[in-house]
Structures are given as C-alpha cells and as structure tokens.
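An overview of the molecular structure
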Amino acid sequence: MNMGDHHSEVSSTPITPRPAMTPRLSTPPMSAPITPRTKTPMVSTPPVSTPITPRTMTPMVSTPPVSTPITPRLMTPPIISAPPSQFHSPSLSRSPLLSFGGDHVEPASKTPRSRGSRTPSFLTPIIRTPRFITPLGSPIRKALRLTKLDPQDAWLPITESRNGNAYYAAFHTLSSGIGIQALVLPVAFTILGWTWGMICLVAAFIWQLYTLHLLVQLHESTETGMRFSRYLQLFNATFGEKMGNIFAIFPIMYLSGGTCVALIIIGGGTMKQFYLTICGGVACTANPPTTVEWYLIFTCAAVLLSQLPNLNSIAGVSLIGAITAVGYCTFLWVASVAHGKLPGVSYDPIRASTEVGRVFNVLNAVGIIAFAFRGHNLILEIQATMPSDEKHPSHVPMWKGVKFSYTLIAMCLFPLAIGGYWAYGQMIPEDGGMLAALFQFHGRSTSQAILGLTCLFVIINAVSSFQIYGMPTFDDIESKYTMRMRKACPRWLRAVIRTLFGFGCFLMAVAVPFVSNLAGLIGGLALPVTLAYPCFLWLKIKKPKMYSPRWLINWGLGTLGMGLSAIVVAASLYVVIDTGLHVSFFNPQ
C-alpha cells in the first residue's frame, strides 16, 4: 500500500464527534495501528497555523511533526473549564476539578484507549494560572476541607442545627457541668481532711479543664476536613471501632443513660421533699403520693420536655438549668455558713480500723471528687452545633463559652465544698450531702421559702440536665434508623423513641433506687472519659515529638488517669462491701 492509498483509507473512516476536539483533526479507527512519529513524517496534518489545544495530546489524535514548535496558546484557561454540574454539585466528593492533590490535569476523553498506548507524563499540561485567581484557589480549598460533612448529620438531633454560638455553649456546659453530684463534695473532705481535700479538688479541676481544652481542639481536623461531632465517633476514628466497643462505648453510654436514671431518683425524691416543705407537714399527711409516683411525675415532665427536636432547640432549657444550678448551690452554702458551725463539729479525717480500709476510703473519696466534674462526654456534641469555616473555626467560640461557664462552676463548687465541710464537718450525711444536711440540721430555723426555693431549683435543674444528657442516646438510636432507611427519622417515631427511653430510665430508677449511693464507683467508671482518654486521643492524632513537654504531660496524665480509674473502682467496691449497702430492689424509699 502506497502513501496515497493509506490516506484515502483513513479519510473514509467516519469521524466520532468529541466535545472538545477541533473538528478538522482526523481520528484513526481503533483497529488501525499508530505509526511511530519517526517513520511517518509525510502524514497529512492540519495546517501548522491552526492553534493546538490540549486535547491533541491524547494518543488517538494524529500527532503534528516533531519539528513544529508548541506555542504558548496551549496553556489557555479552557483546560480548567467544566460542566456546571461539577461546580454546583451538592456533594464534595473527589473529582478532577475538586482534587487537592496537585496541579496536573488528566485529559478528559470518552474514547476508549487502546492497550499499550499512554500519554507520556511530560506531555501532560500543567496549569500555569495562579492559584489565587482560580475559583478553586487555596482559601476555597481549605474551606471545602472544613465543610466536608456527613450528609446524615443533617438528620440527627445533635447536628441537625448548626447555628450555635458561644452563649449556647456556655448554657449547655454550665447546665451539664453543675449537678447534684457536687452536693456530696464535703463527704470527700471527711476522709481526706482540709489539706488533701483542697489539693485533690484543685488538682482535679485543673486536670479536667486541661482535658476539656484538648477535646475542644480535637473537634475538627484541618488535614482531613472531618468534624468529630460525638465523643464515641472521635474515639473510633482514632483507635478503631473494636477498641471503641471495648473501652469507650460503655462509660460514654453509661454517662448518658445512667445519669438520666440518677436524675430521676434525685428529682423525684426532691419533689417529695418540696411537697412536704410547702404543705408544712400538716395537710400533706392524709394521702401523699408515694416515692414511685413522684418518680413517675418527674419522668412525665422530663419526657414531655424531651420532645424538643435537637440540641440547639434546648438552649433556653439549658439556660434555665444553669441559672437554677448556680442558685441552689449558692443557697446551700450561704445558708449553711450563715447558721455557723454545728456544736461539737470535728474536722479530723475519718479513719478505718485497718490500713487497707484507710487506703480504700481515701481512693473512694478521690472518686467522689472526680464524679463532681462531669460533662466531658457532651463537649464535642455541644461544639457540633456551631458553624465552622477557615476564618471562624468552631473551637474559638466554644472555648470562650467553656471559660465563662467553668469560671461560674468554680465559684459554685469550691464554696460548696469548703463551706459545707466547715459548717458540718464529719456530721454531713453521706446520702444527700449538703441538701440533706440543710434539712436535717437547719430545717426548722431556715425560712420555708428558702427551703422550698432550693428544692424547686434542684428539680428544675434535674429536668433540664435530663435533656442534654439524654441527647447522645437519642442521637445514637436515631442514627441506627437513618443508616438503615436512608432518610430522616419521622416525628412520630422520634417521639416514641424518646418516650420509651424516658420510661425505661424510670423502670431502672424504681428497680435500682440506691444507685445514687454509688457516687465513688460511678466516678471511677467515668474517670477515663474525663481525665485519661482525651490525653491519648491528642497523642494519637497530633503525634507530638517524642519526649517533648506535651508528649510527657499527656502520657503522664493519661497513664495516671487509667491507673486511678482501676484503683478507685476497686476501692469503691471494697467500701460498699465493707460498710454495707442498703439494697432495696423495686422498693424506693
């Protein structure tokens, strides 16, 4: 076959239309072999004066003679043009146009490549347009990383609304950070004494505030673009789902569901005390509601309020809970200090008869102090309600809210522990702490209005705390539905889920009404979530230089936290077994 025949054969083949190819270029058929450049100098080509676009670099296009110089017009902006669907796609999945891995652009072609043919990498065009000019410049790329969210988050109650701010963060943190567990702080002082009690209280406050700061910083990653909106999600992403199921899921879910059970016991019992206080003990003696009925009344109020859709919607509830928490803490320590020390009060630490008993009593007191600081399992969830981008990351307003709230928490807990121990010493009741002591020792000498208002504030705070502590469980249950059904949970099903959860906690409160007496044991179980896990998470994610100060601090605190957790749990069990526990299943008093 001569050169003329070859040309006529190629010309008779129908040309496949291609979107971005110059119409005058001829495409050889797929079955035709590609003749090397060096042996086909006479192949007919388009006129040299025609500008060559980047599409001519595909292996199926006839190549111009090697001697033809490539003009600068090859690097014109059309190579980064794209269909509108790529620019306005709701998904931020990786595509050639949204790729952050480099500036090389693969030539798009719908024509299948033949085997053995590949465009050399040195022929791939490189974008010379400055990054700050293109719509996908560096700031936009970083913003895309920070806004790469899971679409399922829009269906779940924690992340359904992301318009939170520093004020909302302060309300939620304050409402979840102060609770009825703070009222038993003077009980720990009866074991530790003044010196060690203050040392442990200050050390625990600084320690938990440091781990709180770590969690706020770990909420969002600028490297991967992920926002870890839940404590368990962060733990599983860092250490794996298997490790999360072993070490994290039980204490985290226990701090959610178990705290709700304790709130029903405390709230229902305080409702009974409030009823007796208001009636004066005369008109109420005919046929007052039983303790179980008070539990049921409290549960109905909590379940009714739990129908609010998401975490941001309960910001007002958390504000009321925070105000009442500060109010009843202030009432209790001011009223106790105003009445002065009890006659014959003693500040000598209580000693057990054996050396082992003394050691375990001390560790049990440390667990009570650890239990006084709670809410770390909710910090990531609270921060998830805030918007975040490159210029305004969520950790800035979150940390402002945390600093404000923990300033108020310190102003409540320290006077409560110091004033309570000063007023009652060793005589403070182990069951009920400051609230029980106020009614026991100053019930007749204190105004009924102050006593009633204190009880009312405790009840309101318990109902408010129930909402925020139940939210992680609501979120987890609804996530199972959305993952399976691929749609949002309907309102009627959401109402059923929250109602069943509330009355399930009620049944547990009736079945195990003595759970509030296990403050030391609960504090030991929750201690890793508060004091240990954030240190290990920071080490795994941030990877600091070995033996640097931050590396040593986090390893030391994390290891100490895990050791204290195991020892405190063992000590609490020993104290319960040694001193005895009034167990009354299905018989709340």
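Each chain has its residues counted from 1, running along the sequence as written. Under the rules for a predicted model, residues below a pLDDT of 70 receive no local features and side-chain atom pairs below 80 are neither given nor counted, while totals for whole chains, interfaces and linings still include all residues. The basis for every side-chain value is the complete set of non-hydrogen atoms in the structure, without hydrogens or water.

1. A word on the overall build of the protein chain
As a reminder of what qualifies: The helix and strand labels rest on DSSP assignments: H or I over at least four residues marks a helix, E over at least two residues marks a strand, and numbering proceeds from the N terminus. Summary of the burial criterion: residues with accessible area below 20% of their type's maximum are buried, those above 50% are exposed, and those between are partly exposed, where the area comes from a 1.4 Å probe applied to protein chains only. Using a 1.4 Å probe, the Shrake-Rupley method yields the accessible areas, and only the shown protein chains count as cover for residues.
If you tally the helices and strands in the protein chain, you get 17 helices and zero strands. Counting all 589 residues of the protein chain, 45% fall into the buried class. With the model as given, the accessible surface of the protein chain reaches about 29900 Å², and the carbon-plus-sulfur share is 66%.

2. Quick word on the pattern of salt bridges
As a reminder of what qualifies: Each reported salt bridge corresponds to a side-chain nitrogen of Lys or Arg within 4 Å of a carboxyl oxygen of Asp or Glu.
Taken as a whole and assessed by the stated rule, the structure comprises eight salt bridges. Here R162 ties to D153 by a salt bridge, and the two come within 3.4 Å at their closest N and O atoms. Owing to a relative accessible area of 18%, R162 belongs among the buried residues under this scheme. In this structure D153 comes out as buried when scored by relative accessible area, which is 10%. Among the salt bridges present, the one from D476 reaches K480, with a minimum N-O distance of 3.1 Å.

3. Comments concerning helix 5 (residues 185–218)
To be explicit about the condition: Given a helix with a known number of residues, its expected span is that number minus one, times 1.5 Å. Note that bend, as reported per residue, equals the angle between axes fitted to the 7 residues terminating at that residue and the 7 residues originating from it.
Taking 1.5 Å per residue as the helical rise, helix 5 with its 34 residues ought to reach 50 Å, whereas the 30 Å between its terminal C-alpha atoms falls clearly short. The largest bend along helix 5 reaches roughly 120° and is located at G193.

4. Topic: the packing of helix 6 (residues 231–239) against helix 7 (residues 241–279)
Counted only if it meets this: All axes are obtained by fitting lines to C-alpha atoms, using only the stretch in contact for helices, and the reported angles, taken between N-to-C directions, cover 0 to 180 degrees. An angle counts as roughly parallel when it lies under 35 degrees, as roughly antiparallel when it exceeds 145, as roughly perpendicular when it falls between 65 and 115, and as oblique in every other case. Each crossing gets its handedness from the near helix: less than a right angle anticlockwise from the far helix is left-handed, clockwise is right-handed. It only takes one pair of heavy atoms within 4.5 Å for two residues to be counted as in contact. Throughout this entry, Asp, Glu, Lys and Arg are counted as charged residues, while Ala, Val, Leu, Ile, Met, Phe, Trp, Tyr, Cys and Pro are counted as nonpolar. The remaining residues, Gly among them, count as polar.
Helix 7 packs onto helix 6 with a crossing angle of 155° between their chain directions and a minimal axis gap of 8 Å. In terms of orientation, helix 6 lies roughly antiparallel with respect to helix 7. Note on packing geometry: the crossing formed by helix 6 with helix 7 is right-handed. Residues Y231, L232, F235, N236 and F239 of helix 6 form the contact with helix 7, whose own contacting residues are E241, M243, G244, F247, A248, I249 and I252. Considering only residue class, the contact of helix 6 with helix 7 consists of nine nonpolar, two polar and one charged.

5. Digging into the environment of V359
You can see V359 is positioned in helix 10 (residues 355–372). Overall, V359 belongs to the partly exposed group, its relative accessible area being 42%. Placed 212 residues apart in sequence, V359 and A571 show a C-alpha to C-alpha distance of 8.0 Å.

6. Details of helix 8 (residues 291–305)
Spelled out, the test is: By arc we mean the arc of the directions from the helix axis to the C-beta atoms, nothing more.
The terminal C-alpha atoms of helix 8 lie 21 Å apart, and with 15 residues this matches the ideal 21 Å at 1.5 Å per residue to within 8%. Every buried residue of helix 8 is listed here: T291, W294, Y295, F298, T299, A302 and V303. The buried side chains of helix 8 occupy one side of the element, clustering within an arc of 170° when seen end-on. Looking at the buried side of helix 8, the elements it contacts are helix 7, helix 14 (448–485) and helix 15 (491–511).

7. Let's talk about the state of the cysteines
Inclusion rule: Cysteine sulfurs are considered disulfide-paired once they come within 2.5 Å of each other.
Taken as a whole, this structure holds zero disulfides when the rule is applied. Just so you know, C260 is unpaired, no disulfide at all, and the nearest cysteine sulfur is the one on C505, 5.0 Å from it. Overall, C260 belongs to the buried group, its relative accessible area being 0%.

8. Some remarks on the nonpolar core
The cut-off we apply is this: We define the nonpolar core as a collection of buried residues of types Ala, Val, Leu, Ile, Met, Phe, Trp, Tyr and Cys that are connected through side-chain atoms lying within 4.5 Å of one another.
With 108 residues, the main nonpolar core has I178 and Y328 as its most contacted residues. If we skip the residues at most four places from it in the chain, I178 touches A325, V326, Y328, C329, R374, I409, C412, L413 and N461. Grouped together as the second largest cluster of nonpolar side chains are five residues, W207, A370, L527 and L564 included.

9. Focus on the confidence of the model for the protein chain
Filter applied, for reference: The quantity known as pLDDT measures the predictor's confidence residue by residue, on a range of 0 to 100.
Residues of the protein chain with pLDDT of at least 70 account for 71%, and the chain-wide mean is 78. Across the protein chain, the element-wise mean pLDDT spans from 34 in helix 2 (residues 84–87) up to 95 in helix 8. Counting contacts from residues 38–50, a segment whose pLDDT is below 50, to residues more than four positions away or on other chains yields nine contacts. In this model residues 74–117 is a low-confidence stretch, pLDDT under 50, and it forms 52 contacts with partners more than four residues away in sequence or in other chains.

10. Some points on the side chain of T277
The following threshold applies: Here a polar contact is recorded for every N or O atom pair within 3.5 Å, except that within protein the pair must consist of a potential hydrogen donor and a potential acceptor, and residues adjacent in sequence are included only if both atoms are side-chain atoms.
You can see T277 is positioned in helix 7. A relative accessible area of 9% means that T277 is categorised as buried. A polar contact is formed between the side chain of T277 and the backbone oxygen of Q273, at a distance of 2.7 Å.

11. A short note on unusual backbone geometry
Phi at R486 takes a positive value of approximately 60°, unusual for a residue other than glycine. Not every positive phi belongs to a glycine, and K543 is a case in point at roughly 50°. Tracing the chain through its elements places K543 in the loop between helix 16 (519–542) and helix 17 (549–579).

12. Things to note about a nonpolar patch on the surface
Note the threshold: Nonpolar side chains (Val, Leu, Ile, Met, Phe, Trp, Tyr) are joined into patches within 5 Å and like charges within 9 Å, using only residues with over 30% relative accessible area and no salt bridge.
A surface patch of nonpolar side chains, about 290 Å² in accessible area, is lined by W194, V337, I418 and W422. Looking at the element boundaries, W422 is found in helix 12 (residues 395–424). By relative accessible area, W422 is classed as partly exposed at 31%.

13. What to know about the packing of aromatic side chains
Worth spelling out the cut-off: Pairing of aromatic rings covers Phe, Tyr and the six-membered ring of Trp, with a centre-to-centre limit of 6.5 Å; geometry is then stacked below 30 degrees between planes, edge-to-face above 60, and tilted otherwise.
A complete count under the given rule lists 19 aromatic pairs for this structure. A centroid spacing of 5.1 Å and a plane angle of 50° characterise the contact between F235 and F239, whose relative ring orientation is tilted. Here F235 pairs with F239, and both are found in helix 6, just four residues apart, close to one helical turn. In this structure F235 comes out as buried when scored by relative accessible area, which is 4%.

14. A short note on the packing of helix 4 (residues 166–177) against helix 9 (residues 315–339)
Contact geometry for helix 4 and helix 9: axes closest at 8 Å, N-to-C directions at 50°. Judged by the inter-axis angle, helix 4 sits oblique to helix 9. In this structure, helix 4 crosses over helix 9, and the sense of that crossing is left-handed. Side by side, helix 4 and helix 9 meet where Y168, F171, H172, L174 and S175 of the first sit next to A315, S318, L319, G321, A322 and V326 of the second. A class-by-class count of the residues in the contact of helix 4 with helix 9 yields seven nonpolar, four polar and no charged.

15. Focus: the environment of Y231
Topologically, Y231 is positioned in helix 6. Judged by its relative accessible area of 1%, Y231 is buried. Separated by 18 residues in sequence, Y231 and I249 have C-alpha atoms that sit 9.5 Å apart. Here Y231 is in contact with L215, I252, H376, N377, L380, E381, V529, Y533 and P534, once residues within four sequence places are set aside.

16. Brief notes about the side chain of N312
Among the secondary structure elements, N312 is positioned in the loop between helix 8 and helix 9. Here N163 takes part through its side chain, which lies 2.7 Å from a polar atom of the side chain of N312.

17. Some thoughts on the environment of P472
Residue position: P472 is located in helix 14. Residues P472 and L378 lie 94 residues apart in sequence; the distance between their C-alpha atoms is 7.8 Å. When neighbours within four sequence positions are excluded, P472 is seen to be in contact with I158, S256 and L378.

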